[in-house]
Amino acid sequence: MTDAPLPPTGDVPPEAWSGVHRGPLRAGEWVRLVDGKGRKHNFELVPGKRFFSNKGHLEHDELIGRDEGFTVTSSAGGEYLVFRPLLSEFVVSMPRGAAVVYPKDSAQIIAMADIFPGAHVVEAGVGSGALTCSLLRAVGPYGRVSSYERREEFAEVARRNVTQFFGAPDGQTHPAWRLTLGDLAEELPASGERCDRIILDMLAPWDCLDAAADALLPGGIVCAYVATTTQLSKFVEAVRVHGGFTEPTPWESLVRDWHVEGLAVRPGHKMIGHTAFLVTARRMAPGQRAPLKKRRPAPGAYGPDYTGPRPPGVPDTPAED
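For the structure given in this document, a descriptive report is provided here. (Residues numbered from 1 in each chain as written. Predicted model: local features only at pLDDT ≥ 70, side-chain atom pairs only at ≥ 80, totals over all residues. Heavy atoms only, no water.)

A tally of helices and strands in the protein yields 8 helices and 15 strands. Once the C-alpha set of the protein is aligned to its principal axes, its extents read approximately 80 × 55 × 50 Å. Split into buried and exposed, the 321 residues of the protein put 42% on the buried side. A fraction of 61% describes how many contacts in the protein between residues 6 or more apart in sequence connect residues 24 or more apart. Element-wise, carbon and sulfur atoms account for 55% of the exposed surface of the protein, whose accessible area totals about 17,800 Å². Side-chain charges in the protein split into 35 positive and 39 negative, and the spacing between the mean points of these groups amounts to 4 Å. (Helix = DSSP H or I, 4+ residues; strand = E, 2+ residues; numbered from the N terminus. Buried < 20%, exposed > 50% of the residue type's maximum accessible area, 1.4 Å probe, protein only. Contact = heavy atoms within 4.5 Å. Areas by Shrake-Rupley, 256 points an atom, 1.4 Å probe, with all protein chains shown as cover. Lys, Arg positive; Asp, Glu negative; His and termini not counted. Charge placed at Lys NZ, Arg CZ, Asp CG, Glu CD.)

Printed below as a string of structure tokens:
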């Protein structure tokens, strides 16, 4: 029989690089204020400063030193709930250079691409750093996230956001993160890196498929995040034509909130519908190919109007009836 674990005491060890703190709020931390109408405000706690809103002001010093999870009243009588922001809350309110990967999709990527502590993950298209934060938390300080971004302005926004969330000292960043300015299709082969997972968040992920296949270890996973059905179709067919991966699995997730008050139980009005499609496939061992699909494609699926890649066994010109 083993002893029950002791409850956590003190702050989260800094070497965990979780981006989370326990205990009283401290200067330099970010807090999230929510009013009675659900309006949200995120800001850094600075001694001597004031927070202003249409409900008056609050002194930062009134918040510093208190345990999170309390209500505070502004000078004009506005009530605010005070907590540290969760990662899912931080990424939808942080400064943006490019559109962010929403928490519902980040969660799917972490789970379905099987991101694990100690993994080496390559990310193409860092955007504003939202997915990067989730990847870094999942791999932990003993893993590695190698991000590639073609646009310098996006890379700079991501660098600031990642640094802010994990609380890295000035001039430093998360020890497991390396950000490279450049095109993954060129930079990854030149680096000679091998990795466990590759996440492609970009306009043309099929352009990086050969580089991804060369870098992925056998059994590794490639995961693409694409916004449109044309991108989805082209990437899935490109994976099939490549031959070095298992049959790709495409899907999307939809999240709907619910209104619950007594007998009034109904769907809410804030559904997060389509944000993007996700596609995963596993890397085969060198020289090995997955069995061909036995299911015949639907009539007309690869008809004369189809111009994308054609999987093995599908003729370029369909036979006439």
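Here the focus is the sheet that holds strand E6 (residues 79-83). In any sheet, the strands associate via hydrogen bonds between backbone groups, in a parallel or an antiparallel arrangement. As summarised here, the arrangement of the 4 strands in space is E2-E1-E6-E5, forming an open sheet in which the pairing is antiparallel. Whereas interior strands pair on both sides, the edge strands pair on one side only; in this sheet they are strand E2 (40-44) and strand E5 (70-73). Here the strands of the sheet are splayed against their neighbours by 30 degrees on average, with no regard to which way each runs. As defined by bridge partners, strand E1 (residues 30-35) adjoins E2 across 5 bridges and the pair is classed as antiparallel. Note that in E2 the partner of Val34 across the bridge is Lys40. (Pairing = 2+ DSSP bridges. Axes fitted to C-alpha atoms, helices over the stretch in contact; angles between N-to-C directions.)

Ile109, Ile115, Val121 and Ile199 are the most contacted members of the largest nonpolar core, which totals 37 residues. Those elements giving two or more residues to this core turn out to be helix H2 (87-91), helix H4 (130-139), helix H5 (152-166), strand E9 (177-181) and strand E11 (216-226). The greatest single-element share of this core, amounting to 7 residues, is contributed by H4. With sequence-adjacent residues up to four places away left out, Ile115 is seen in contact with Ile109, Ile110, Val121, Leu135, Ala138, Val139, Arg197 and Ile199. The next biggest cluster of nonpolar side chains, apart from the first, holds 30 residues, and it includes Leu200, Trp206, Cys208 and Val222. (Core = buried A, V, L, I, M, F, W, Y, C linked by side-chain atoms within 4.5 Å.)

Residue placement: Pro286 occurs in the segment after strand E15 (277-282). It is 25 Å that separates the C-alpha atoms of Pro286 and Ile109, two residues lying 177 residues apart in sequence.

Here we come to the packing of H4 against H5. One way to put it is that H4 packs onto H5 with a least axis distance of 9 Å and a crossing angle of 45 degrees. When the interaxial angle is binned, H4 and H5 end up oblique. Of the two elements, H4 crosses H5, and the hand of that crossing is right-handed. Each of Thr132, Cys133, Leu136 and Arg137 in H4 lies in contact with H5, whose residues at this interface are Val162, Phe165 and Phe166. Partitioning the contact of H4 with H5 into residue classes produces 5 nonpolar, 1 polar and 1 charged. (Parallel < 35°, antiparallel > 145°, perpendicular 65-115°, else oblique. Left-handed = near helix turned anticlockwise from the far one by under 90°. Nonpolar A, V, L, I, M, F, W, Y, C, P; charged D, E, K, R; others polar.)

On to the sheet that holds strand E10 (residues 195-200). Strand order in the open sheet made by the 7 strands is E9-E8-E7-E10-E11-E15-E12, with mixed pairing throughout. A strand with exactly one partner marks an edge of an open sheet, and here the two such strands are E9 and strand E12 (249-251). When strand polarity is set aside, the average angle formed by the axes of neighbouring strands in this sheet is 15 degrees. H5 rests against strand E8 (144-149) and E9 of the sheet, and its axis sits at about 165 degrees to E9. Across the sheet, helix H8 (residues 229-242) touches E10, E11, E12 and E15, and the angle it forms with E15 is around 5 degrees.

Residues Trp258, Val260 and Val265 make up a contiguous nonpolar surface patch of about 320 Å² in total accessible area. Relative to the helices and strands, Val260 resides in strand E13 (residues 258-261). (Patch = residues over 30% accessible without salt bridge, like charges linked within 9 Å, V, L, I, M, F, W, Y side chains within 5 Å. Salt bridge = Lys/Arg side-chain N within 4 Å of Asp/Glu carboxyl O.)

What follows is about the side chain of Thr280. For Thr280, the location among the structural elements is in strand E15. Residues in contact with Thr280, not counting those within four places in the same chain, are Met112, Ile221, Val222, Cys223, Glu247, Pro248, Thr249 and Trp251.

It is worth spelling out unusual backbone geometry at this point. Notably, Trp17 is not glycine yet its phi reads approximately 50 degrees, a positive angle. One can find Trp17 in the segment before E1. Under the relative-accessibility criterion, Trp17 is labelled buried at 18%. Positive phi, normally seen in glycine, also occurs at Asp114, with a value near 55 degrees. With respect to the helices and strands, Asp114 occurs in the loop between helix H3 (103-112) and strand E7 (120-124). Exposure remark for Asp114: the relative accessible area of 42% places this residue in the partly exposed category.

By themselves these figures say nothing about function.
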